[in-house]
Amino acid sequence: SKCRFLCHIIEPSSAYYAEALGVSDAMSGIMIGLAPWFAMISSVIYSFWTNSNYKHPILFAGMLQFIGNLLYANAYTYQSVGMC
């Protein structure tokens, strides 16, 4: 599945990323562990929203994905765990 593929890419380097941000290795587990929970919650909301329209939910999801990736990438620059 897609989530499993993404977790395998993130998993080896997440501990190093968490340490670079100044937090313990346990935080990397929390970052990886929360992703499926948020995906599950958002999929329920997304399924209700797409019952009436497809264009707006897809554009909104793409925009959130772009913003999330931008925040995650810039967290190292700003040394901010909250941006992760």
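Here, every reference points to the structure presented above.
Thresholds applied
- Residues numbered from 1 in each chain as written.
- Predicted model: local features only at pLDDT ≥ 70, side-chain atom pairs only at ≥ 80, totals over all residues.
- Heavy atoms only, no water.
- Helix = DSSP H or I, 4+ residues; strand = E, 2+ residues; numbered from the N terminus.
- Expected span 1.5 Å × (residues − 1).
- Contact = heavy atoms within 4.5 Å.
- Phe/Tyr/Trp six-rings, centres within 6.5 Å; stacked < 30°, edge-to-face > 60°.
- Buried < 20%, exposed > 50% of the residue type's maximum accessible area, 1.4 Å probe, protein only.

Looking at helix α3 (residues 55–78)
- With 24 residues, α3 should cover 34 Å at 1.5 Å per step; its first-to-last C-alpha distance of 34 Å lies within 8% of that length.
- Q79 sits one or two residues past α3 and shows a positive phi near 50°.

Some points on the side chain of S28
- If you trace the backbone, S28 turns up in helix α2 (residues 25–49).
- Ignoring any residue separated from it by four or fewer positions in sequence, one finds S28 in contact with S14, A15 and A18.

What to know about the packing of aromatic side chains
- Enumeration over the complete set of coordinates arrives at one aromatic pair.
- Between the aromatic rings of W49 and F60, the centroid separation amounts to 5.5 Å while the plane-to-plane angle is 65°, which identifies the pairing as edge-to-face. Note that W49 is positioned in helix α2 and F60 in helix α3, a separation of eleven residues in sequence.
- Take W49: its relative accessible area is 35%, and that puts it in the partly exposed class.

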